[in-house]
Amino acid sequence: MKHLFLLALLAAVLAACAPQSRVPEISREAAEEEARKQREIVILERMKVQNRLRSVDFAVRAANVDLCKEKAPAVGFLTMNLDSAPREYRAAYGSLYGVTRQITLISVFEGGPADRAGLAVGDRIVSANGTAVAAGSAGQSRLAKLIAESKGRPLDLTVRRGGGLVPVELSPRMICNYPTFLRNDDSVNAFADGSRIVVTSGLMRFAEADDELAFVIGHELAHNTMGHIEAKTGNMILGGIVGAILTGLSGVNVIDPMMQVGVLAFSQEFEAEADYVGVYYAARAGYDAKKAAYFWRRMAAAHPSAIGLQGTTHPSSAKRFLAVEAASREIAGKQAKGAPLIPYMNSARTPARKPAEAEGNR
């Protein structure tokens, strides 16, 4: 009886604290329909960001292919099949792009090989070089292999468009083989790991102009092409070796601290070099090098702690602005003379490659 009294008292107290207004009742059917619409909006917004990143990234990596050791053919489209789509978004991809189990184009980058070949969003790839492209992940893998093996040679595709079949000759373009990926992360960041580039959604929002985004991609591409990741790994190993020697002599384990010293060696210098070379990479793709410098003033406004002249693992935003501004003036001078846009290297201030190798850059 006592327990029943306490439960009744609790119910009365909770009722007194309940909302007082009469809110609209939402049916399950209405909520499910709104959830369907919101999933479509999620895909459309993500695709908008992906298209922007892919277009700028393709331009930068294509324009600098002659300065990259690692090269790969690219086609300028994104594909999907229902097997590769997240289960809760399959209906939305089907509604928006007509995605089925067949390989379906969900994005075609403006000015890329697929765009020039006349491919369109919604096209389903039926065959390549006379061989049927299977549905599902097997077909996706087969298509990726054919593109990789093309070495830039044309591919004869047949696509289903509407109710008919359309023949398409697609000529992949060789670009720097450091693929760029979008990470759903609100932090303003981008990084390279020696084989790829990662850009966060937060940085995509922060980079207001495509010229700024091109500079960021150029900066990360420079980390890869200039061998900075390998150099930092080598410095870490050397630091560990020195640490092991000191540990043996002193009896105090300093291996990890010395490895960290190795990792940080020339850190600011590597970042400064990536800024310098990255501005060139962006300019060679036709972007405005002068806007790259202003990127660091906006970064300082968003992160005032980066202004300090000492810097951290990276130079201060003040030094980076001035250095990139100087590089943009250097580039403008070469553009005025019609000289090749090749960054200078330390050895006798010679370009990274002979000017003749840079012909044809945009």
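The structure we're discussing is the one just above.
Enquirer: What is the right way to look at the overall build of the protein chain in this model?
Expert: From N to C terminus, the protein chain includes 12 helices and 11 strands. Classification of the 362 residues of the protein chain by burial places 39% in the buried group. Sequence-distant contacts in the protein chain: of pairs separated by 6 or more residues, those separated by 24 or more amount to 64%. Entry remark: accessible area of the protein chain is about 19800 Å², with carbon and sulfur atoms responsible for 58%.

Enquirer: Mind showing me how you'd approach the packing of aromatic side chains here?
Expert: Two descriptors summarise a pair of aromatic rings, namely the distance from one centre to the other and the angle between the planes of the rings. Throughout the structure, instances matching the rule amount to six aromatic pairs. The interplanar angle of 85 degrees and the centroid separation of 5.6 Å between the aromatic rings of F206 and F295 together place this pair among those described as edge-to-face. One end of the pair, F206, is in helix 6 (residues 201-206); the other, F295, is in helix 11 (residues 289-302), and 89 residues separate them in sequence. In this pair, the class of F206 matches that of F295, namely buried. On the basis of an interplanar angle of 80 degrees and a centroid distance of 5.1 Å, the ring pair of F295 and W296 is categorised as edge-to-face.

Enquirer: When you look at the packing of helix 2 (residues 28-63) against helix 7 (residues 210-225) in this model, what are you seeing that I'm missing?
Expert: Each pair of packed helices can be described by the angle between their axes along with the distance between the axes. Running from N to C, helix 2 and helix 7 cross one another at 55 degrees; their axes reach a closest spacing of 9 Å. It follows that helix 2 is oblique to helix 7 by the angle criterion. Relative to helix 7, the crossing made by helix 2 is right-handed. Residues R52, L53, V56, D57, V60 and R61 of helix 2 touch helix 7, and the partners they reach there are D210, L213, A214, I217, G218 and L221. Broken down by class, the residue content of the contact of helix 2 with helix 7 amounts to seven nonpolar, one polar and four charged.

Enquirer: How should I be thinking about the sheet that holds strand 9 (residues 180-183) in this particular structure?
Expert: Within a beta sheet, neighbouring strands are joined by backbone hydrogen bonds and run either parallel or antiparallel to one another. Spatially, 9-11-10 is the arrangement adopted by the three strands of the open sheet, whose pairing is mixed. The open sheet terminates on both sides in strands that have one partner only, identified here as strand 9 and strand 10 (190-192). When the angles between neighbouring strand axes are averaged without regard to direction, this sheet yields 20 degrees. Bridge count between strand 9 and strand 11 (residues 197-200): four bridges; the pairing is parallel.

Enquirer: In this structure, what is going on with unusual backbone geometry? I would like to understand it.
Expert: It is generally the case that most residues other than glycine have a negative phi and that most peptide bonds are trans. Here the phi dihedral of N129 falls at roughly 50 degrees; this positive angle occurs in a residue that is not glycine. Structurally, N129 can be placed in the loop between strand 4 (124-128) and strand 5 (131-132). Since its relative accessible area comes to 40%, N129 is described here as partly exposed. In the Ramachandran plot, K151 falls in the positive-phi region, its phi being about 55 degrees despite a non-glycine side chain. Within the fold, K151 resides in the loop between helix 5 (136-150) and strand 6 (155-161).

Thresholds applied
- Residues numbered from 1 in each chain as written.
- Predicted model: local features only at pLDDT ≥ 70, side-chain atom pairs only at ≥ 80, totals over all residues.
- Heavy atoms only, no water.
- Helix = DSSP H or I, 4+ residues; strand = E, 2+ residues; numbered from the N terminus.
- Buried < 20%, exposed > 50% of the residue type's maximum accessible area, 1.4 Å probe, protein only.
- Contact = heavy atoms within 4.5 Å.
- Areas by Shrake-Rupley, 256 points an atom, 1.4 Å probe, with all protein chains shown as cover.
- Phe/Tyr/Trp six-rings, centres within 6.5 Å; stacked < 30°, edge-to-face > 60°.
- Axes fitted to C-alpha atoms, helices over the stretch in contact; angles between N-to-C directions.
- Parallel < 35°, antiparallel > 145°, perpendicular 65-115°, else oblique.
- Left-handed = near helix turned anticlockwise from the far one by under 90°.
- Nonpolar A, V, L, I, M, F, W, Y, C, P; charged D, E, K, R; others polar.
- Pairing = 2+ DSSP bridges.

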